[in-house]
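Residues per chain are reported as follows:
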Amino acid sequence: MEKRTLGQTGIAVAPLCFGGNVFGWTVDEAASHRLLDAFVEAGFNFIDTADSYSTWAPGNRGGESETIIGTWLKSRRNRDQVVIATKVGSEMGPGRKGLRPAYIRQAVEDSLRRLQTDRIDLYQSHWDDPETPFEDTLGAYGDLIDQGKVRAIGASNLTAPRLREALDVSARTGLPRYETLQPRYNLYDRSGYEGELEAVCRDAGLGVITYYSLASGFLTGKYRSAADAGKSARGEGVVSRYLDERGRAILEALDEVAAQHRATPAQVAIAWLMARPGITAPIASATRPEQLADLAAAARLGLDAAAMARLDAASAWS
Ligand SMILES: NC(=O)c1ccc[n+]([C@@H]2O[C@H](COP(=O)([O-])OP(=O)(O)OC[C@H]3O[C@@H](n4cnc5c(N)ncnc54)[C@H](OP(=O)(O)O)[C@@H]3O)[C@@H](O)[C@H]2O)c1
């Protein structure tokens, strides 16, 4: 399996990251463990989660995904073989959100306890916190790195100017810098990343790990009509967001390229991301073993220039 370095961290990851937001939401603990087993057996090593996953599921309080990953790490005794990324900052309850140093110090202990580990490989700021100066947040992360609790830090959902500002603060102060960015980016959602944000990442040599890489399942081609919303617990939202003229044109191009390469639309959508310059690893989740097998095959799928051009043209944005 090809490995890529996560920004300038020296951490080597396979080019597909398992997204852990489904653990404790659309997948229970036993099924999550089976998916994680299959993922590492296929040669992958990179898992992304967040302290707040999956607060939105009825009855959940947050921490469910980290807890499920923690019981898996403990029972498989494989902590050294996998790279664990998690996040802080999303609301976990009253007063429990943001990137203040005191809150980060408390939140990291909670994540370490749930993950049943002594270190987080990549600790990410989930959302921007304009009320906390970057110096304060990065200082807190610096202490965690010094203590060996965190190996590297990353950001998610930052705008280009704010990411540049954070990088400038690190350069000026000597505090650790964000080594990765986790943006929403896929064949349908291109405009928020391509352009200024992509330029900042490439100039600074950041690792980029994309989320919603399958547009929440839309790019697998399973949503072709409004009636298909019933195919998943999250189907209604997917259909209303993506099933429009542009979405249908993208599906048509995916079908065509998939047929030419004896692949599936999901594999083509992931392979397109893997081939984009500057992308380290798309993050995608799966709820069933057959979905995971489908996604895993994307790592072996090379798209030729004609296929990339067809996909680029169908998903062009202005
Ligand atoms: N930083 C952030 O703010 C942020 C925000 C959101 C997500 N994320 C990260 O990105 C990860 C992925 O997000 P996501 O799961 O929402 O989106 P996604 O990867 O775009 O969509 C994955 C979903 O598509 C369906 N699917 C996957 N493979 C399939 C296949 N081969 N055939 C048919 N259906 C398939 C599954 O859902 P069904 O079976 O239910 O259809 C699966 O849960 C998250 O786990 C998280 O780590 C980060």
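The structure contained in this document is the topic of the report that follows. Not measured: the values here are computed from a predicted model. (Residues numbered from 1 in each chain as written. Predicted model: local features only at pLDDT ≥ 70, side-chain atom pairs only at ≥ 80, totals over all residues. Heavy atoms only, no water.)

## Some details on helix α4 (residues 134-146)
Inference 1: The first and last C-alpha atoms of α4 sit 18 Å apart over 13 residues, in line with the 18 Å expected at 1.5 Å per residue.
Inference 2: Against β5 (83-88), α3 (101-115), β6 (120-125), β7 (150-156) and α5 (160-173) lie the buried residues of α4.
Inference 3: Just beyond α4, the residue with positive phi is Gly 148, at close to 80 degrees. (Helix = DSSP H or I, 4+ residues; strand = E, 2+ residues; numbered from the N terminus. Expected span 1.5 Å × (residues − 1). Contact = heavy atoms within 4.5 Å.)

## Focus on the site of the ligand
Inference 1: In the vicinity of the ligand there are 31 residues, among which Asn 21, Asp 48, Lys 222, Ser 285 and Thr 287 approach most closely.
Inference 2: Leu 214 places a main-chain nitrogen or oxygen 2.9 Å from an oxygen atom of the ligand.
Inference 3: Ser 232 is positioned such that a nitrogen or oxygen atom in its side chain is 2.7 Å from an oxygen atom of the ligand.
Inference 4: Under a 2 Å grid-point criterion requiring more than half of the atoms, the pocket assigned to the ligand is the largest pocket.
Inference 5: Breaking the shell around the ligand down by element, the ones donating at least two residues are β10 (279-284) and α10 (289-296).
Inference 6: Ranked by residues supplied to the shell around the ligand, first place goes to α10 with three residues.
Inference 7: Per-class residue counts for the shell around the ligand are eleven nonpolar, 15 polar and five charged. (Near = heavy atom within 4 Å. Polar contact = N/O pair within 3.5 Å; in protein donor to acceptor, adjacent residues only side chain to side chain. 1 Å grid on protein atoms, 1.4 Å probe; cavity = no way out; pocket = protein on both sides within 12 Å on 5 of 7 lines; lining within 4 Å. Sits in = over half its atoms within 2 Å of the grid points. Nonpolar A, V, L, I, M, F, W, Y, C, P; charged D, E, K, R; others polar.)

## Notes on the packing of helix α8 (residues 245-260) against helix α9 (residues 265-275)
Inference 1: Axis separation between α8 and α9 bottoms out at 8 Å; the angle between their running directions is 95 degrees. Between α8 and α9, the crossing angle belongs to the class labelled roughly perpendicular. Mapping the contact onto sequence places Leu 254, Asp 255, Val 257 and Ala 258 in α8 and Pro 265, Val 268 and Ala 269 in α9.
Inference 2: Within the contact of α8 with α9, the residues separate by chemical class into six nonpolar, no polar and one charged. (Axes fitted to C-alpha atoms, helices over the stretch in contact; angles between N-to-C directions. Parallel < 35°, antiparallel > 145°, perpendicular 65-115°, else oblique.)

## Observations concerning unusual backbone geometry
Among all residues except glycine, the phi angle is most often negative; among peptide bonds, the trans geometry is most common.
Inference 1: With an omega of 0 degrees, the peptide bond running from Tyr 53 to Ser 54 counts as cis.
Inference 2: As for its placement among the helices and strands, Ser 54 is situated in the loop between β4 (46-48) and α2 (64-76).
Inference 3: Here Arg 77, not a glycine, exhibits a phi torsion of approximately 50 degrees, which is positive.

## As for the side chain of Ser 52
Inference 1: Mapped onto the elements, Ser 52 comes out in the loop between β4 and α2.
Inference 2: Aside from chain neighbours lying at most four places away, what touches Ser 52 is Gly 62, Gly 63, Ser 90, Glu 91, Met 92 and His 126.

## Let's talk about the layout of surface pockets
Inference 1: Its boundaries defined by the atoms lining it, the largest pocket holds a volume of some 910 Å³.
Inference 2: Asn 21, Tyr 212, Ser 216, Arg 234 and Ser 285 are the residues nearest the centre of the largest pocket, which is lined by 43 residues in total.
Inference 3: A class-by-class count of the residues in the lining of the largest pocket yields 17 nonpolar, 17 polar and nine charged.
Inference 4: Approximately 170 Å³ is the volume attributed to the second largest pocket. (Points joined across faces, edges and corners; volume = space filled by probe spheres on them.)

## A closer look at the environment of Gly 221
Inference 1: Tracing the chain through its elements places Gly 221 in the loop between β9 (207-210) and α7 (235-242).
Inference 2: On the basis of relative accessible area, Gly 221 is assigned to the buried category, the value being 11%.
Inference 3: On a C-alpha basis, the gap between Gly 221 and Arg 234 in space is 15 Å, while along the polypeptide they are 13 residues apart. (Buried < 20%, exposed > 50% of the residue type's maximum accessible area, 1.4 Å probe, protein only.)

## As for the sheet that holds β5
Inference 1: Spatially, the eight strands close up into a barrel ordered β3-β4-β5-β6-β7-β8-β9-β10, and their pairing is parallel. Direction aside, neighbouring strands of the sheet carry axes that sit 25 degrees apart on average.
Inference 2: Both β4 and β5 contribute to a ladder of three bridges, which runs parallel. Bridging across to β5, Asp 48 finds its partner in Ala 85.
Inference 3: Across the sheet, α4 touches β5, β6 and β7, and the angle it forms with β7 is around 155 degrees. (Pairing = 2+ DSSP bridges.)

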